[in-house]
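Overview (structure and organization)
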Amino acid sequence: MSFMPSGTVYGTLLNFRSEVQAMTAQMDQPPYKAPPKAPVLYVKTANTWSAHGTAIPVPARVLEVEVGATIAMLMGDTGQVAGYVLMNDLSIPHLSFFRPPVKFKCLDGFLGIGARLLSAAEAGEPSAFTLEVRINGEVKQVMDFGNLVRNASQLLADVGEFMTLGVGDVLMLGCDVGRPLAKAGDRIEISAPGFGTLSNTLVTEAA
Amino acid sequence: MKHARIVYEGIIHDAAERDGQLLLHDGRLMREDAVTWLPPLAPTPRPRTILALGLNYADHAKELEFKAPQEPLVFIKSEGTLTGHRRFTRRPEGVQFMHYECELTVVIGQTARKVKRDDAYDFIAGYTVANDYAIRDYLENWYRPNLRVKNRDACTPLGPWLTDAADVPDPMALALQTTVNGKLTQAGNTRDMIFDIPFLIEYFSSFMTLQPGDLILTGTPDGVVDCRPGDVVVTDIEGLGNLINTIE
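On a predicted model such as this, the values are computed, not experimentally measured, just so you know. (Residues numbered from 1 in each chain as written. Chains lettered and ligands numbered in written order. Predicted model: local features only at pLDDT ≥ 70, side-chain atom pairs only at ≥ 80, totals over all residues.)

On to the sheet that holds strand β4 (residues 55-58) of chain A. Residues and elements named next belong to chain A. Reading across the sheet, the five strands line up as β4-β14-β13-β9-β10 and stay open at both edges, with mixed pairing between neighbours. Of all strands in the sheet, those with a lone pairing partner are β4 and β10 (138-144), marking the two edges. Within the sheet, the average angular offset between the axes of one strand and its neighbour, ignoring direction, is 20 degrees. Both β4 and strand β14 (residues 196-204) contribute to a ladder of four bridges, which runs parallel. Bridging across to β14, Ala 55 finds its partner in Thr 201. (Pairing = 2+ DSSP bridges. Helix = DSSP H or I, 4+ residues; strand = E, 2+ residues; numbered from the N terminus. Axes fitted to C-alpha atoms, helices over the stretch in contact; angles between N-to-C directions.)

Right, dumping it as structure tokens:
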């Protein structure tokens, strides 16, 4: 059976070095005024969850969405990672990270979730993960999880400093710069060695 | 009717309010202080969505030196941050400013998608009180208010009761107040919300479907003060009850 989370799904901003580099000049300016200290997290609410293979509705007013491909950690008990899963974290493109991104990220269906949960033992070291994003068959982004600001265990430790990740909670490792854009009618495929492919097609939302 | 969810002798019970006491489904009547209180919510098949408003009272926005927002400032909390009535919330070591926020909380009763404001009240199961603690030392200007401030374990007491919507004829005219060790520190009225409940349900359901058991914490008025270990903080909303929490 396809994997679906049972706990809260958290996304992580600015956890790829090139993402931080792209923002460095702005970090000391208003509204941010300083680089982030703690991990910058957001929540993908349950209404966003889309199984592999399902069509994801895009409101007619939204011309393009940003594809945030990533691999996420699933928490087991006693704070250990039980496994890893592909995710397609869609957003309405937005330039400011000052306010929580609810209206950009929590639209119905805006999180594609891989069917295959890879156990921690099967997956091996997360810094060796790579993935590829294809839109309508064409490669648009290649990601190397060796380029994280906080590697998987550091991210877990720094998040655990202020809140408990419970059994079934999910924490994304982050989405790199160069996130491709896609529109209604496009087929998005995210694949990684061992994980297979997470595939979703965007469709215009019924009125 | 007012509903509660409690633990007694290791077993979770649904209960109802009866003459200031708890009436368990098996007919036993219990004192308020004889049980462990949980948030007054039935479990949901998927993690509930908890939306919380910032700066939704004009006076609070002013107090914090922000101009009133043009659209709702909303952040999301996870279930791990909720705790029940008469429980404890931890103040981390070395913190300078930790404050309560007394908030009217809407509990969604029916699947709500693209709801119009005139129909909004049909989608509400009831109301409860939240104390949405914030630890301002940890504020950063990245997805502010960030989760380190607002999503800490057991930092959002909720309860004591879920009061049926039918018993709250006008949720937009309820007095709110907070006392710290018996001294009144915060007082306001839900009529002073910038974005009222029908607006919020129309706004959120325009892009995200809400499910039964989802929550909207509607923001807090002026009057937040620092709380220290040992302080007893009582957040009270007219007709809904007194939510007691102790800082540890």
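Moving on, we come to the pairing of strand β1 (residues 9-13) of chain A. Residue and element names in this part refer to chain A. Counting buried residues in β1 gives five out of five residues, a clear majority hidden from the surface. Sheet topology note: the β1/strand β11 (residues 170-172) ladder contains two bridges and is parallel. Bridging from a neighbouring strand, Val 9 pairs with Val 170 of β11. (Buried ≥ 20, exposed ≤ 12 C-beta atoms within 10 Å, placed from the backbone.)

This part covers the interface of chain B and chain A. Taken residue by residue, the interface counts 24 residues in chain B and 30 residues in chain A. By residue class, the composition of the side of chain B that touches chain A is 10 nonpolar, seven polar and seven charged. (Contact = placed C-beta atoms within 7 Å. Nonpolar A, V, L, I, M, F, W, Y, C, P; charged D, E, K, R; others polar.)

A word on the domain arrangement of chain B. Residues and elements named next belong to chain B. When the domains of chain B are assigned, the result is domain 1 (1-38) and domain 2 (44-247). A straight line from the C-alpha centre of domain 1 to that of domain 2 covers 24 Å. Taken together, the contact pairs eight residues of domain 1 with 11 residues of domain 2. Sorting the residues of the side of domain 1 that touches domain 2 by element identifies β1 (2-8) and β5 (36-38) as the ones contributing at least two each. With three residues, β1 is the single largest residue contributor to the side of domain 1 that touches domain 2. Its residues assigned to classes, the side of domain 1 that touches domain 2 comprises four nonpolar, one polar and three charged. (Domains from an automatic or database assignment.)

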